[in-house]
Amino acid sequence: AVPGCLFTCVIRAISQPPTESDTYTECTDGYQWDPQTQHCKDINECETIPEACKGEMKCFNHYGGYLCLPRSASVIPAPDPPSQPGTNLESTAREPFNPCPLGYEPQGDSCVDVNECERDEHDCQPSQQCINTPGAFTCQCPEGYRKVGTECIDIDECRYRYCQHRCVNVPGSFSCQCEPGFQLAGNNRSCIDVNECDMGAPCQQRCYNTYGTFLCRCDQGYELGPDGFACNDIDECSYSSYLCQFQCVNEPGKFSCQCPEGYQLLGTRLCQDINECETGEHQCTEGQTCVNIHGASQCVDTNRCQSPYVQVSDNRCVCPVTKPACRDLPFSIVQRYMSITSERSVPSDIFQIQATSVYPGAYNTFRIRSGDHDGDFYIRQINNISAMLVLARAVTGPQEYTLDLEMVSVNPLLSYQTSSALRLSIYVGPYAF
């Protein structure tokens, strides 16, 4: 290589063929003996040495050796050396004189451009394209490269922000990539949102597309799992004991309320007693009367009068004054039935007693004659003709009370006293509803 020569260089050969005596039969390096001419002949190393010059260099033969020069270089041969006595060397043929400027050659009376690219008389690298120009040539780099000196350097297109998201530089080109949740648009540079919901997003129930990502949501009664995709059932019953009046039953995505036997749902959460006496769901016979109570029904005999009482009408018994056994007993007994819930707040008014007939000048008092063994009830008199039965202590069912509530009438003017009773059967239901 010739220092300082980048494109076209002109090297003038300064070596001259050596001289030898007529009797000298050995040649110096770069020459060989020609027995026909009896001279030392120059060896053309460019032809005899395979690939004498590597890469982009071109081989130029000269006296006793060769040169590796850029392809744009040319050699101007030196004039033949003056004849010397005893010289047996053969001079190299002289190239014809070129009267045209560099890069041109004579053609008739004019100079025409030499196409160095076609003649392979250029120094372009294998990766470069030779482009002929008037009197010279240029070496063009492939697309995506720029020329620096004689080399082609890759252009880093990513410096110019061609891509919306990420740019990946590759030799001679570049490619654009998008962040997760986006895909390349038709121009291969912009990024557009991907609708993951339409592409099989792993949401178990509901999928909502958002810019660059997606969200999973669950139906009512479910909650999103830790992975953000699965939906787990919510056990509503475990959150509160007040969701249902009786029993809460968890179901996939919801809950339901159940009532005990003898009750039915009122709405979705409350329990209402079923009146078996009205629905016909009882086993009472013809001689019995169906009494509805909380959660069930009770069959009672139509005639519940016991001796010495006699039945005078439905639910009313009378003890005739003519019978000696009736002297200390209430004159009449009326049968009544009622049902209350368990754990009722106390004190609680549960039943009002009302006199049906009042004698002039009589004073009436009310009392519990029998049945209240534990003192769960008491009587609060309202006036001369009425009183209230009060629940004094909270009771829990199922259980039954039979109370004889007596009204005693006294007339001090006539020295007259009589009494009547109301036999009240109280059924306490098993629940607080």
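Residues numbered from 1 in each chain as written. Predicted model: local features only at pLDDT ≥ 70, side-chain atom pairs only at ≥ 80, totals over all residues. Heavy atoms only, no water.

### Some details on the nonpolar core
Moving on, step 1. Ranked by size, the top nonpolar core spans 21 residues in total, and within it I350, F351, F377, L389, L405, L424 and I426 carry the most contacts.
Moving on, step 2. Of all the secondary structure elements, the ones that give two or more residues to this core are β29 (332-340), β30 (348-354), β32 (377-381), β33 (386-391), β34 (399-411) and β35 (416-428).
Moving on, step 3. In this structure, Y309, C317, C326 and I333 belong to the second largest nonpolar core, which totals seven residues. (Core = buried A, V, L, I, M, F, W, Y, C linked by side-chain atoms within 4.5 Å. Buried < 20%, exposed > 50% of the residue type's maximum accessible area, 1.4 Å probe, protein only. Helix = DSSP H or I, 4+ residues; strand = E, 2+ residues; numbered from the N terminus.)

### Some details on the sheet that holds strand β27 (residues 310-313)
Moving on, step 1. Spatially, the six strands line up as an open sheet ordered β27-β28-β29-β35-β34-β31, and their pairing is mixed. Each of the sheet's edge strands pairs with one partner strand only, and the pair in question is β27 and β31 (363-370). The mean angle between the axes of side-by-side strands here comes to 30°, regardless of whether they run parallel or antiparallel.
Moving on, step 2. Sheet topology note: the strand β28 (residues 316-318)/β29 ladder contains three bridges and is antiparallel. The residue bridging R316 from the neighbouring strand is V334, located in β29. (Pairing = 2+ DSSP bridges. Axes fitted to C-alpha atoms, helices over the stretch in contact; angles between N-to-C directions.)

### So, the environment of M388
Moving on, step 1. Its place among the elements puts M388 in strand β33.
Moving on, step 2. Take M388: its relative accessible area is 12%, and that puts it in the buried class.
Moving on, step 3. For the pair M388 and I353, spaced 35 residues apart in sequence, the C-alpha separation works out to 6.0 Å.
Moving on, step 4. Once residues lying within four places of it in the same chain are set aside, the contact partners of M388 are D349, I350, F351, Q352, Y378, I379, R380 and I382. (Contact = heavy atoms within 4.5 Å.)

### What to know about unusual backbone geometry
Backbone geometry follows two general trends: most residues other than glycine have a negative phi, and most peptide bonds adopt the trans configuration.
Moving on, step 1. With an omega dihedral of 15°, the bond running from S307 to P308 counts as a cis peptide bond.
Moving on, step 2. Secondary-structure assignment places P308 in the loop between β26 (296-301) and β27.
Moving on, step 3. A cis amide bond links V346 to the next residue, P347, at an omega of -10°.
Moving on, step 4. Residue placement: P347 occurs in the loop between β29 and β30.
Moving on, step 5. Non-glycine residue D120 carries a positive phi angle of around 60°.

### Here's the deal with the state of the cysteines
Moving on, step 1. Evaluated as defined, the whole model comprises 19 disulfides.
Moving on, step 2. The disulfide partner of C237 is C248, and the S-S distance across this bridge is 1.9 Å. On the S-S bond that ties C237 to C248, the torsion sits near -70°, and the link is left-handed. Pair noted here: C237 is in the loop between β20 (231-233) and β21 (247-251) and C248 is in strand β21, with a separation of eleven residues, a long-range link.
Moving on, step 3. Between C244 and C257 runs a disulfide, and the two sulfur atoms are separated by 1.9 Å. What sets the handedness of the C244 and C257 disulfide is the S-S torsion sign, and at about -75° it is left-handed. Residue C244 is found in the loop between β20 and β21, and its partner C257 is found in strand β22 (residues 254-258); the two are separated by 13 residues along the sequence. Both residues of the pair, C244 and C257, count as buried. (Disulfide = S-S within 2.5 Å.)

### Structural notes on the UniProt feature "domain: EGF-like" (unreviewed entry) in the protein chain
Moving on, step 1. Following the UniProt record, one finds the feature "domain: EGF-like" (unreviewed entry) at residues 113-153, 154-192 and 233-272.
Moving on, step 2. As a span, residues 154-192 carries 0% helix and 41% strand, and end to end its C-alpha atoms are 29 Å apart.
Moving on, step 3. Helix makes up 0% of residues 233-272 and strand 45%, with an end-to-end C-alpha separation of 29 Å. (UniProt positions renumbered as here; feature names shortened; annotations may be inferred.)

### Some points on the side chain of E157
Moving on, step 1. In this structure, E157 sits in the loop between β12 (151-154) and β13 (166-170).
Moving on, step 2. For the buried E157, no salt bridge exists, and the shortest N-O distance to an oppositely charged side chain is 8.3 Å, to R159.
Moving on, step 3. Dropping the residues within four chain positions of it, E157 is found in contact with G144, Y162, N169, G172, S173 and F174. (Lys, Arg positive; Asp, Glu negative; His and termini not counted. Salt bridge = Lys/Arg side-chain N within 4 Å of Asp/Glu carboxyl O.)

### Regarding the pattern of salt bridges
Where charged atoms from two side chains of opposite charge approach closely, those side chains can pair.
Moving on, step 1. Going through the model one piece at a time under the given rule, you end up with ten salt bridges.
Moving on, step 2. Across the salt bridge formed by R393 and D376, the nearest N and O atoms sit 2.7 Å from each other. In this pair, R393 is assigned in the loop between β33 and β34 and D376 in the loop between β31 and β32, connecting sequence segments 17 residues apart.
Moving on, step 3. With relative accessibility at 43%, the residue R393 sits in the partly exposed group.
Moving on, step 4. Residue classification places D376 among the buried residues on the basis of a relative accessible area of 4%.

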